[in-house]
Amino acid sequence: MITARAAATFDPVARSVATARAFVRDTLQGWGYTDVVDDAVVLTSELVTNAVVHAGTAADVLCLRTEDGVRVEIADHYPEREVPLQSAGLNFGSSDSENGRGLLLCAALASRWGVEYSPTRKHVWFQLDLPDRPVGIRSAGPLLPVGLLPVTDERVRVAVVQIDSTGAVAAWNDDAAYLFGYTADQVVGKQLTDFTAWPQTPGTNTGIADALRLSRWEGSYGIRGADGRTIPVYGSHLRVRDTQGEPSTVCLLVRDYERAVLQSPVRAPVSDASESRKTDPFEVFIGSPAPDDLDGLLQRTVERARDMLDADAAFLLLATDDETELEVRATTGLPSARQRFARVPVEAGTGRYGSARMPAVHEDLDAVPGAVPLLGNTGMRSVVTVPLKVEGRLTGSLGVAAEAAGRYSNEEALRLQFAADRIALAVESARLGELERLRRGSLSFLVEASDLLAGTLDRDQTLALMAQMTVPTLATWCAVYTIADQSSEPDLSYVLHEDEDLIDGLKALLTRIDPPEPVPTPGARVWSAPSKAAHEAALRTSMRSIDIGDPGGLNSGTRTTLATAAAVGGETVVLPLVARNRVIGMLTLGKPSDDHFRQEILELAEDLSRRAALALDNARLYSERTAISQSLQRSLLPPGLPAIPNVEVDVIYRAAGEGNEVGGDFYDVFPIRDGAYGFAIGDVCGTGPEAAAVTGLARHALRLLAREGFGGPAVLERLNAAILDEGTRSRFLTLLYGELWPQEDGSALLRVVCAGHPLPLRLRQDGSVEPAADPQPLLGVLEDLELYEQTLTLEPGDVLLCVTDGVTERREGTRMLGDDGLADVLAHCTGLTAGAVSARILRAVERFAADPPSDDMAILTMRVPEPHPAP
């Protein structure tokens, strides 16, 4: 009898094989058929591969649940393809071949299987029967006295939290509200990650998103309560799906000390099966189930090794890739915080017992001080160490130690070596898995870091990004030194600590000591100066407190000194920042008291330092180029506006393009001789540095020629010749040039020449607006240029407005401000000062269109003020 069914169709692409495997695994686990999941997934993988890869068609997968097992059917749409009939003479072919292997596996794994045809398709099916299970309980713990039962509160509260497929909280029961302080309304719809404190090392272990995707998961983590405290919990996760097929995860959570309520007991094998099964030496030593992560496996190993030889301490070290050093990865009975990730050489001496490649027994370490550097100052007297080897290659070292001398002999070394041989392959496999996860995490980290560093050319922001990417992912604190040039001393440019309260103390400490030597040698090197300086400062502070007779009454300065000493008391390394074959700085990374860096972290930091160095040097070059460019551009602008008697003058200038201060538009107002002033506003074809070069030529030539006594037409004709002399670099130029003489009656006399430029506009007191000049040919095009000047008088209250085409050609779609639009704006400026007129024109230009202006723009306004009435 079929009790449930699930079906799906997969496209004829290679990735469909993995998707089909996941579909079958999720379906069977959802039905509770975990005993046959692995076989079903293997068979599905092979048969779907036949359909989508070899047959090249879509694959239909149908799962049927029965009371005794499960039937899975995989169909393709290629009925013409020959399928061999099962017979005594059937030859499945080689097990190493790609085609036909699915049928071979069906014959080996399935209870029943077969091939069926229809006019439009053919399909292969297999049946997997559930194994017989003994009646009664699956597992049970021993009968315990009441005093040994786990301790819980009077009422055990189990938080039930349902998480949807996006990771958001979908349900939150009353016990969850009691345990964590949030009501359901406060958390439903929010991401679970907003409330979890997940114990994850970057690049390794399982993250919360991964755990929520697993069919089942158990373990400890933390939930941040409404009061800000982190509550340790033990969780049991079960992934389910509703009748519409939508997946979700049900999380059962209790306080961590009440984990016995949820924690699954270790399954004991059925008695008759255990008798027929061969004992696994690895499980005998490690226990079952074995930890599924490297750190857990190593910690279980040292604890079992210590118990096996009745030792006081045990340790396990893993070899580096080149087998020259061993890195401490797990200890028990030793100060693990001080020893973790510390390194010792593989070859400590020339004798047989000076190498970690051979078993070694030391009956009394006091007789051979320094023989085992790891145990210095720990009180251990006798020790036995054995190597971990895989295929003859040294992968690690396992040791146990006792506080009494003479505890171990060769017999204990043989027992420990036997255990090491049992676990070496599992440890190496777990280590390679961790390295692969770390490398994948490192690759993602470096890609993200490269994107962030490439996104800015600001030096200070680059320094901040460098530090923020290393803390706390790679180190507890970070300091960046920069070097301006070869003759400069390193400068402490940025300091960051994961605890913001310690940044000032750390910066003060690093300022007092000499910076590290800028050595270009790649790789990390240890720098002991910060740790020594911090310890000396802490010692002086402590002695000072004792001298004043109040060691317990620590002031804020003393507490800061002691906290800084703890923060930098571990390993400190320096990585050079090398760009374009020059050391431009150093990246300094530090750990807290007696902590060490892992080799993988140092390699990742070295990759990051290379990318950061190039980004920092690019930011430096960009800053220097920008500073030089802006300095040169500023030299092209007039130094200031002269004070003209009885005439108001105002200028607004905007250059197009980021970082440009001068473009193709320019202006100038300057004294020519006593009582005479020159003014000009022009527009060089184009924008940017090339146009700015012609701008400089025009502005300086105008001043020089005007002060030589030439009139307006002569000045512009000679400037036209100078532009044409530039040859291919020349650009045509529109220019309005004029000379102004303030008059004793309060008016101003002007003579102007408008060479191809937008005409100046005159605003009279009655609000009328009219052009103040006639158009003439522009400069830089014709060799024989004949120009003439026009004379006008500005009466008190009149305004003369001169603009470049960046104002009149302001566009919004097909609309353009134009000369008429500018005249309309100016007509409403009667009675305003020159500065107010310029500001109103600019505001009208900016509001005309939503987009920022794309052309250079200059506005020159001159106004003759009205005389003040006599008192």
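Peer 1: Quick one: what's the story with the overall build of the protein, residue by residue and with numbers?
Peer 2: Per the secondary structure count, the protein includes 21 helices and 34 strands. Within the span of the protein, comprising 871 residues, buried residues form 45% of the whole. Intrachain contacts of the protein at a sequence separation of at least 6 include 61% that bridge at least 24 residues. About 44100 Å² of surface is accessible on the protein, with carbon and sulfur atoms providing 51% of the total.

Peer 1: Tell me about the nonpolar core, and please be specific about residues and values.
Peer 2: Among the nonpolar cores identified, the biggest contains 53 residues, and Met466, Leu510, Leu577 and Leu589 are the most heavily contacted of them. Setting aside residues no more than four positions away along its own chain, leucine 510 makes contact with Trp477, Ala479, Tyr481, Leu492, Val495, Trp527 and Pro530. One finds Val17, Tyr33, Leu43 and Ala110 within the second-largest nonpolar core, a separate group that totals 31 residues.

Peer 1: Explain the side chain of histidine 123 to me, and be specific about the residues and the numbers.
Peer 2: Mapped onto the elements, histidine 123 comes out in strand β5 (residues 122–129). Filtering out sequence-adjacent residues up to four positions away, histidine 123 remains in contact with Glu73, Ile74, Ala75, Gly114, Val115 and Glu116.

Peer 1: Talk me through the sheet that holds β5; I want residue IDs and the actual numbers.
Peer 2: A sheet is described by the order of its strands in space; here 5 strands give the open sequence β1-β2-β3-β5-β4, paired in antiparallel fashion. The open sheet has two edge strands, β1 (2–10) and β4 (112–117), and neither has a second partner. This sheet shows a mean twist of 15° between the axes of neighbouring strands, independent of strand direction. Looking at chain direction, β4 and β5 are connected through 6 bridges and run antiparallel. Paired with tryptophan 113 across the two strands is phenylalanine 126, which belongs to β5.

Peer 1: A description of the sheet that holds strand β13 (residues 325–332) should follow, citing residues and the corresponding values.
Peer 2: Overall, antiparallel pairing links the 6 strands, which are arranged β14-β13-β12-β17-β16-β15 in an open sheet. In the strand order of this sheet, the two ends are held by β14 (343–345) and β15 (360–362), each with one partner. Neighbour to neighbour, the strand axes of the sheet diverge by 25° on average, direction disregarded. With 6 bridges joining them, strand β12 (residues 313–319) and strand β17 (residues 393–402) adopt antiparallel strand pairing. Its bridge partner being in β17, phenylalanine 315 is matched across the sheet by glycine 399.

Peer 1: How would you summarise the pattern of salt bridges if you had to cite specific residues and measurements?
Peer 2: Counted by the stated rule, this structure contains 22 salt bridges. Among the salt bridges present, the one from aspartate 175 reaches arginine 157, with a minimum N-O distance of 3.1 Å. Residue aspartate 175 is found in helix α4 (residues 174–180), and its partner arginine 157 is found in the loop between β5 and β6 (159–164); the two are separated by 18 residues along the sequence. The class of aspartate 175 is buried, set by a relative accessible area of 11%. Since its relative accessible area comes to 15%, arginine 157 is described here as buried. In this structure, arginine 306 and aspartate 307 form a salt bridge, with 3.2 Å as the shortest nitrogen-oxygen distance.

Peer 1: Account for the confidence of the model for the protein, with residues named and values stated.
Peer 2: Overall, the prediction assigns the protein a mean pLDDT of 80, with 83% of residues at 70 or greater. Across residues 80–99, confidence stays below pLDDT 50; counting only partners more than four residues off in sequence or on other chains, it has 19 contacts. Predicted confidence is poor over residues 201–205, with pLDDT under 50, and the contacts of this stretch with residues over four places away or in other chains come to 10 contacts.

Peer 1: Just give me the short version of the environment of leucine 608, but keep the residues and values in it.
Peer 2: Along the chain, leucine 608 falls in helix α16 (residues 599–634). In the structure, leucine 608 is positioned 142 residues away from methionine 466 in sequence and 8.4 Å away in space, judged by C-alpha atoms.

Peer 1: Could you give an account of unusual backbone geometry, with specific residues and numbers?
Peer 2: Following valine 471, the chain continues into proline 472 via a peptide bond in cis, with omega recorded as 0°. Looking at the element boundaries, proline 472 is found in the loop between α12 (459–470) and β18 (477–482). Non-glycine residue arginine 580 carries a positive phi angle of around 55°. Along the chain, arginine 580 turns up in the loop between β21 (572–579) and β22 (582–590). Although it is not a glycine, asparagine 646 adopts a positive phi angle of roughly 60°. As for its placement among the helices and strands, asparagine 646 is situated in the loop between α16 and β23 (648–654). Here asparagine 646 falls in the partly exposed class, since its relative accessible area comes to 35%.

Peer 1: Just give me the short version of a nonpolar patch on the surface, but keep the residues and values in it.
Peer 2: Together, Phe732, Val781 and Leu782 give the surface a local cluster of nonpolar side chains, amounting to about 260 Å² of exposed area. Here leucine 782 lies in the loop between β29 (769–771) and β30 (790–794).

Peer 1: I'd like a rundown of the pairing of strand β25 (residues 676–684), residues and numbers included.
Peer 2: Burial analysis of β25 places 9 of its 9 residues in the buried class, which makes it a mostly covered element. Side chains of β25 alternate between two faces, with Ala676, Gly678, Ala680, Gly682 and Val684 and Tyr677, Phe679, Ile681 and Asp683 buried alike. As defined by bridge partners, strand β24 (residues 665–673) adjoins β25 across 8 bridges and the pair is classed as antiparallel. The partner of tyrosine 667 across the bridge, within β25, is isoleucine 681. With antiparallel pairing between neighbouring strands as the criterion, β24 and β25 make up a hairpin whose turn holds 2 residues, including glycine 675 at a positive phi of roughly 80°. Note: β25 against strand β26 (residues 733–742), 8 bridges, orientation antiparallel. Residue pairing for β26: alanine 680 is matched across the bridge by tyrosine 737.

Peer 1: Lay out helix α9 (residues 294–308) with the relevant residues and their values.
Peer 2: Three or four residues apart is the spacing at which side chains of an α-helix point the same way, because the helix has 3.6 residues per turn. The end-to-end C-alpha distance of α9 is 21 Å, a good match for the 21 Å that 15 residues give at a rise of 1.5 Å each. The set of residues buried in α9 consists of Leu294, Leu297, Leu298, Thr301, Val302 and Ala305. Viewed along the axis of α9, the buried residues span an arc of 130°, placing them on a single side of the element. Just downstream of α9, aspartate 310 is the residue with a positive phi angle, here 50°.

Peer 1: Requested: an account of the environment of alanine 698, with residues and values cited.
Peer 2: Turning to its location among the elements, alanine 698 is positioned in helix α17 (residues 688–707). Since its relative accessible area comes to 0%, alanine 698 is described here as buried. Sequence-wise, alanine 698 and tyrosine 667 are 31 residues apart; in three dimensions their C-alpha atoms are separated by 9.9 Å. Residue contacts for alanine 698: discarding those within four places in its chain leaves Phe666, Leu719 and Leu733.

Peer 1: Explain the side chain of threonine 320 to me, and be specific about the residues and the numbers.
Peer 2: Here threonine 320 is to be found in the loop between β12 and β13. With relative accessibility at 13%, the residue threonine 320 sits in the buried group. Once residues within four sequence positions are removed from consideration, threonine 320 is found in contact with Glu325 and Arg343.

Peer 1: Any details on the packing of aromatic side chains? Residues and values, ideally.
Peer 2: Throughout the structure, instances matching the rule amount to 5 aromatic pairs. On the basis of an interplanar angle of 65° and a centroid distance of 5.0 Å, the ring pair of tyrosine 182 and phenylalanine 195 is categorised as edge-to-face. One end of the pair, tyrosine 182, is in the loop between α4 and α5 (184–187); the other, phenylalanine 195, is in the loop between α5 and β8 (196–197), with 13 residues separating them in the sequence. Ring geometry for tyrosine 653 and tyrosine 667: centres 5.9 Å apart, planes at 50°, overall tilted. One end of the pair, tyrosine 653, is in strand β23; the other, tyrosine 667, is in strand β24, with 14 residues separating them in the sequence. Both residues of the pair, tyrosine 653 and tyrosine 667, belong to the buried class. Its guanidinium or amino end placed over the ring of phenylalanine 418, arginine 422 lies 4.4 Å from that ring's centre, counting from NZ or CZ. Its guanidinium or amino end placed over the ring of phenylalanine 848, arginine 815 lies 4.4 Å from that ring's centre, counting from NZ or CZ.

Peer 1: So what about the packing of helix α20 (residues 818–827) against helix α21 (residues 834–848)? Which residues, and what values?
Peer 2: The geometry of α20 relative to α21 is characterised by a closest axis approach of 10 Å and an angle of 135° between their N-to-C directions. Considering their axes alone, α20 and α21 lie oblique with respect to each other. The interaxial crossing formed by α20 with α21 has right-handed handedness. Contact with α20, carried on its side by Leu822, Val825 and Leu826, involves Val837, Arg840, Ile841 and Ala844 of α21 and no other residues of that element.

Procedures and definitions
Residues numbered from 1 in each chain as written. Predicted model: local features only at pLDDT ≥ 70, side-chain atom pairs only at ≥ 80, totals over all residues. Heavy atoms only, no water. Helix = DSSP H or I, 4+ residues; strand = E, 2+ residues; numbered from the N terminus. Buried < 20%, exposed > 50% of the residue type's maximum accessible area, 1.4 Å probe, protein only. Contact = heavy atoms within 4.5 Å. Areas by Shrake-Rupley, 256 points an atom, 1.4 Å probe, with all protein chains shown as cover. Core = buried A, V, L, I, M, F, W, Y, C linked by side-chain atoms within 4.5 Å. Pairing = 2+ DSSP bridges. Axes fitted to C-alpha atoms, helices over the stretch in contact; angles between N-to-C directions. Salt bridge = Lys/Arg side-chain N within 4 Å of Asp/Glu carboxyl O. pLDDT = per-residue confidence, 0-100. Patch = residues over 30% accessible without salt bridge, like charges linked within 9 Å, V, L, I, M, F, W, Y side chains within 5 Å. Expected span 1.5 Å × (residues − 1). Arc of directions from axis to C-beta. Phe/Tyr/Trp six-rings, centres within 6.5 Å; stacked < 30°, edge-to-face > 60°. Lys NZ or Arg CZ within 6 Å of the ring centre and 35° of its normal. Parallel < 35°, antiparallel > 145°, perpendicular 65-115°, else oblique. Left-handed = near helix turned anticlockwise from the far one by under 90°.

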